[in-house]
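Residue-level structure breakdown
One-letter residues, chain by chain:
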Amino acid sequence: MNTRLIHRGPAMTAVANSQTLMGSVDVAIVGGGIIGVSAAFFLARQGNRVALFEKGEVGGEQSGRNWGWVRLAGRDLRELPLMLQAHAVWSTLHQETGIDVGYRRRGILYAAKTPKARDRYRRWALAAREFGIDARSLDPAEVAGFVPGLNRTPFGGMYVPEDAGAEPQLAAPAIASAAQAAGALIFQNCAVRGLDIEAGRVAGVVTETGRVKASTVIVAGGAWSSHLLARHGVRLPQLKVLSSVMRTGPVETGIEPTMGFSDFSIRKRLDGGYTVASSAVSLVDVVPDSFRFFREFLPAIKLERKSLKLRFGKPFVDELLAYRHRPLEQKSIYETVRVLDPAPDGDLLARVEAHMRAGIPSFRDVSILQKWGGMIDTTPDVIPVISKVEALPGLVIGTGFSGHGFGIGPGAGQLLSEIATDRQPCVDPTPFRFSRFGDGSPIEIQNWL
Ligand SMILES: Cc1cc2nc3c(=O)[nH]c(=O)nc-3n(C[C@H](O)[C@H](O)[C@H](O)COP(=O)(O)OP(=O)(O)OC[C@H]3O[C@@H](n4cnc5c(N)ncnc54)[C@H](O)[C@@H]3O)c2cc1C
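Residues numbered from 1 in each chain as written. Predicted model: local features only at pLDDT ≥ 70, side-chain atom pairs only at ≥ 80, totals over all residues. Heavy atoms only, no water.

Section: the overall build of the protein
Across its full length, the protein holds 13 helices and 22 strands. The C-alpha atoms of the protein give 21 Å as radius of gyration, which agrees with the globular expectation for 449 residues (22 Å, within 12%). Considered along the principal axes of its C-alpha atoms, the protein spans approximately 65 × 45 × 40 Å. The buried share of the protein, taken over its 449 residues, is 59%. (Helix = DSSP H or I, 4+ residues; strand = E, 2+ residues; numbered from the N terminus. Rg over C-alpha atoms; globule rule 2.2 N^0.38 Å. Buried < 20%, exposed > 50% of the residue type's maximum accessible area, 1.4 Å probe, protein only.)

What follows is the structure, encoded as structure tokens:
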């Protein structure tokens, strides 16, 4: 494998394209992010004929742009069993793929800015212990012990030593290559324009190079899933949030765990630098879907109103005009936008950089090597959909990972493979059922961070 640059995003490890496509497969997968490639990996190993279609390149969108946190810490309790399973898969990836994807269990620590945050972290740690997780509450001195020279005094913190980081630019490509080695076919620069539907059930996909028959289709299209499904009358409430990231050059800090402060977050990278970002502010473009899904997202908007920065402008018109569905024989938006590559929020990153340099002296003179943006796809209750769709037999959805799908991705891929082939699921998939958005279930949002 070699590396090459895409747009403003980080350099991804390239994955070789499969050459020949048979006319039919057992399972077709839309999307080559960490969810799609992990599903392909497990399905191929179970002996299924699998073809994965990626409109751009494997990992080119969220899965290659994220912060690289692989965390239980602060996670929605409904996701913890699947995240524990994901850690188990991550632990074997090096051996399974032959590639070091940078998975290192250095722990994840959140420092509390206020007593209220400290109490919330304590409550989470208590709840997490019920799942057998070694979740610790730290006092201020213990937090400081992890950060040599820390220029502030947090109100304690929460620490999960078994949590990890991994390298986003390596992980999805490595899993994709392992899936190929197990027999999966992977086609990049090959968009799926829509589903092939016969007699009320899914019969395959319509790609830009032709139809491919499949009795099961997994839609793992990240920020595009809702748009693709809407063509077929499947209403998936999903919106996009811009997250901005930067990385430093190599620097000696003595800080090992991945750490979240209220105004900046850091993860030590394999190359000796740090990935730096902040979730203190999220930028949301107001687009036609903002109105379409307003009712479902209202609880999340109320909860996050202090950290949401709304932006009105060109994206609204772009999506209104360009995102209309065209006949399947014509070029689609997925071919026009091969890689969703938003510009980062420069003002936010400037503030994050200033906080980091002021907060931790060893970062004072470090160079910033790169800045980029990524569009997070989110659901109203901020947990994913990993589910069949009753109204459309043959359709399985694996999407809506709401800003924390990288870490859980390998576990979610395993669960998707089991749902798609009617095997015993590795965890109870009920919290992730698609029907929760249409059957009157209340929208429950857990906000631990
Ligand atoms: C800046 C940022 C920081 C984040 N930090 C973290 C973190 O630290 N830890 C964590 O766990 N998560 C994090 N996340 C979230 C995580 O990256 C995502 O939840 C996860 O990568 C989602 O994976 P995915 O496969 O669903 O989507 P994606 O990686 O977006 O992949 C979907 C793929 O589908 C393709 N596609 C879409 N439509 C079509 C079509 N019609 N035909 C063919 N292909 C199609 C797209 O091109 C894309 O490559 C972060 C996200 C961002 C943006």
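A few points about a nonpolar patch on the surface
On the surface, Val317, Leu320 and Leu321 cluster together to form a nonpolar patch covering roughly 270 Å² of accessible area. Here leucine 321 is to be found in helix α10 (residues 314–322). (Patch = residues over 30% accessible without salt bridge, like charges linked within 9 Å, V, L, I, M, F, W, Y side chains within 5 Å. Areas by Shrake-Rupley, 256 points an atom, 1.4 Å probe, with all protein chains shown as cover. Salt bridge = Lys/Arg side-chain N within 4 Å of Asp/Glu carboxyl O.)

Here's the deal with helix α13 (residues 405–420)
Its 16 residues place the ends of α13 only 19 Å apart at the C-alpha level, less than the 22 Å of an ideal helix rising 1.5 Å per residue. The axis of α13 is deflected most strongly, by about 40 degrees, at glycine 411. Of all 16 residues making up α13, 16 are buried, and the element is well covered by its neighbours. (Expected span 1.5 Å × (residues − 1). Bend = angle between axes of the 7 residues up to and from the residue.)

Regarding the pairing of strand β21 (residues 385–388)
For β21 and strand β22 (residues 395–399), the ladder comprises 4 bridges, and the chain directions are antiparallel. From the neighbouring strand, isoleucine 386 faces β22, where its bridge partner is glycine 398. (Pairing = 2+ DSSP bridges.)

Focus: the nonpolar core
Within the largest apolar cluster, 73 residues are counted, with the highest numbers of intra-cluster contacts made by Ile29, Trp90, Trp124, Ile218 and Ile386. Among the elements that take part in this core, helix α1 (residues 34–45) stands out by supplying 9 residues, more than any other. With 37 residues, the next largest nonpolar core counts Ala28, Leu185, Val219 and Leu283 among its residues. (Core = buried A, V, L, I, M, F, W, Y, C linked by side-chain atoms within 4.5 Å.)

A short note on the pattern of salt bridges
Summed over all chains, the structure comprises 33 salt bridges. Between lysine 240 and glutamate 319 there is a salt bridge, with its nearest N and O atoms 3.0 Å apart. Of this pair, lysine 240 sits in strand β14 (residues 239–248) while glutamate 319 sits in helix α10, and the two are 79 residues apart along the sequence. Its salt-bridge partner being glutamate 256, residue lysine 268 comes within 2.8 Å of it at the nearest N-O pair. Linking lysine 268 in strand β16 (residues 265–268) with glutamate 256 in the loop between β14 and β15 (258–260), this pair joins segments that are 12 residues apart in sequence. What makes glutamate 256 partly exposed here is its relative accessible area of 35%. Salt bridges sharing partners connect three or more residues here, namely Asp196, Glu198, Arg211 and Lys213.

Taken by themselves, the reported measurements are silent on function.
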